[in-house]
Amino acid sequence: MQKRNLLDSVTIPLERELREKIHNALQGDIVELLSDITEPSKAPFYLQGCKDGRAFKIEKGFFKKYYNLCEEVKKSLNFKEDVDVYIVSNPEVNAFAILRASEDHPHTIILNHSLVQMMTDDELKFAIGHEIGHLIKRDARLNQLIDFVYPKDTKMPPSLTYKVSLWHQLSELECDRFGFLAMPKLSVCVSALFKLTTGFDLEKMEMNIEEFLSQIPNNLEYLFNDDFELEGSHPVNPIRIGALQIFSKKCASDKATVGYFDNMMNELIAEMTNISSSPLEKDLVKFFAIGGLRMISLKEEFQEEEYKVIISELSEFILNPKEYLEEIANDDDIFDTLQNVIDDILEVEPDLRDLMLEYLIRIALADKKIESIEVDTIMELGESMLGFSREEIAKSFANHIQKSFSPDILALV
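Keep in mind it's a predicted model, so treat the numbers as computed, not measured. (Residues numbered from 1 in each chain as written. Predicted model: local features only at pLDDT ≥ 70, side-chain atom pairs only at ≥ 80, totals over all residues. Heavy atoms only, no water.)

J.: When you look at the overall build of the chain in this model, what are you seeing that I'm missing?
T.: Along the backbone of the chain there are 21 helices and 4 strands. Viewed in the frame of its principal axes, the chain has a C-alpha envelope of about 80 × 55 × 40 Å. When burial is assessed residue by residue, the chain has 47% of its 413 residues classed as buried. Long-range contacts, defined as pairs at least 24 residues apart, comprise 74% of the intrachain contacts of the chain with a sequence gap of at least 6. Summed over its atoms, the accessible surface of the chain is roughly 22300 Å², and 51% of this surface lies on carbon and sulfur atoms. Of the charged side chains in the chain, 44 are positive and 74 negative, and the gap between their average positions amounts to 10 Å. (Helix = DSSP H or I, 4+ residues; strand = E, 2+ residues; numbered from the N terminus. Buried < 20%, exposed > 50% of the residue type's maximum accessible area, 1.4 Å probe, protein only. Contact = heavy atoms within 4.5 Å. Areas by Shrake-Rupley, 256 points an atom, 1.4 Å probe, with all protein chains shown as cover. Lys, Arg positive; Asp, Glu negative; His and termini not counted. Charge placed at Lys NZ, Arg CZ, Asp CG, Glu CD.)

J.: Even after reading the chapter, I still don't get the layout of surface pockets, so can you show me in this structure?
T.: With a probe scaled to a water molecule rolled over the atoms, the places where space remains empty come into view. By volume, the second largest pocket amounts to about 510 Å³. S159, K163, I311, S315 and K322 are the residues nearest the centre of the second largest pocket, which is lined by 19 residues in total. Counting only elements with at least two residues in the lining of the second largest pocket, the list comes to α2 (13-25), α9 (158-182), α16 (304-315) and α17 (321-329). Looking at the lining of the second largest pocket element by element, the count peaks at 6 residues for α16. (1 Å grid on protein atoms, 1.4 Å probe; cavity = no way out; pocket = protein on both sides within 12 Å on 5 of 7 lines; lining within 4 Å. Points joined across faces, edges and corners; volume = space filled by probe spheres on them.)

J.: Even after reading the chapter, I still don't get the nonpolar core, so can you show me in this structure?
T.: One broad trend across soluble globular proteins is that nonpolar side chains are buried collectively. In this structure, L111 and V190 are the most contacted members of the largest nonpolar core, which totals 74 residues. Look past the residues within four positions of L111 in its chain and what remains in contact with it is I58, V85, Y86, I87, V88, N94, A95, V116 and I128. (Core = buried A, V, L, I, M, F, W, Y, C linked by side-chain atoms within 4.5 Å.)

J.: Please explain the packing of helix α7 (residues 121-137) against helix α10 (residues 186-197) as it appears in this structure.
T.: A pair of packed helices is captured by two measures, namely the crossing angle of their axes and the spacing between those axes. Where α7 meets α10, the closest approach of the two axes is 9 Å, and the angle between their N-to-C directions is 75°. Relative to α10, the element α7 is oriented roughly perpendicular. Packed against α7, whose contacting residues are D122, E123 and F126, the element α10 presents V188, C189, S191, A192, L193 and K195 at the interface. Partitioning the contact of α7 with α10 into residue classes produces 5 nonpolar, 1 polar and 3 charged. (Axes fitted to C-alpha atoms, helices over the stretch in contact; angles between N-to-C directions. Parallel < 35°, antiparallel > 145°, perpendicular 65-115°, else oblique. Nonpolar A, V, L, I, M, F, W, Y, C, P; charged D, E, K, R; others polar.)

J.: Can you help me understand a nonpolar patch on the surface in this one?
T.: Together, I30, L33 and L34 give the surface a local cluster of nonpolar side chains, amounting to about 300 Å² of exposed area. With respect to the helices, strands and loops of the structure, I30 is situated in helix α3 (residues 28-38). (Patch = residues over 30% accessible without salt bridge, like charges linked within 9 Å, V, L, I, M, F, W, Y side chains within 5 Å. Salt bridge = Lys/Arg side-chain N within 4 Å of Asp/Glu carboxyl O.)

J.: Which parts of the structure should I look at to understand the packing of helix α15 (residues 279-296) against α16?
T.: Axis separation between α15 and α16 bottoms out at 10 Å; the angle between their running directions is 175°. Compared by their axis directions, α15 and α16 come out roughly antiparallel. Contacts from V285, F288, A289, G292, L293 and I296 of α15 reach α16 at E306, Y307, I310, E313 and L314.

Next comes the structure, spelled out in structure tokens:
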């Protein structure tokens, strides 16, 4: 299979879309140039380990079995770029890939010794195939860009946080597909995943993997109905295994049925992206949309900064906030439902009324202009719908002005 066709076969369209959006949002073409200059690649830590006996490079001369295994995986994935594979002394059951600094250097894959000791040769093929998938996809490049723009302890904006987390998880699902192509036996892939994520040796435990696989649809249904939240860079095991099940069936299908399994995968991803799963969160999303539209409808001209506040808030809960906002805006009775939405929120969590008032005020101040119609509207909504007094609303307004208001500089010249 040609490399391009291989990449196309494992690609999840939403992963590609998110990758491009994140790269463009972070001005990747320019920022990567600056990153390469200011943070050049350093000598790998494991090279020193090779000198003092804490790491070994897999070479044909003295690690023939593992060398041949790695070469077999590369061949199965049609990956012809140089890769140095190291076994490193580390008790954590893990493996990771390091993208080469330039075309003159090899890529690197690190296999912790605990992983090598725990896994069978076939399971190692899955793990190594997964890591080569990261190299083929050049995932490290986007991760470097994200880490450069948002270094450790720097808070990422909510509008980006969810998309980055979802991209990470979809990327892992894609790399699991590379692992499957390197070891196209689903039971082996599942066993390898459990050893990686939990340390469980399913063979030693004499688990009936086929029976376990038959229960995955029920496990997924329970997971998504239990206020599931997308967390971390790796999907939970039921999602990874469910996605691999679908991909394995797709690989074994004919052209006429490929679309069926693509639809199954799309349904799984749709459940993953349904971050606003609880009734309270769904009501909050409605409030942010309807309340935001109420505020920006006060002016005849479109206010981009105010619109950005709404989109940013919605982005913390849903994947496509622009489409959602447009859908809400097409409802002729949109503003008539605002009181019901607020009542539903306050019935569950009364303290959220402060957050809702502050949201409306942030929209009003976003364009650096405080207009009487906005103040009057917030006073009206705050009193009649949120239960504040005029004094309380005025104090909240004053607090935001004193903390964050910045005048329009053009008004001063």
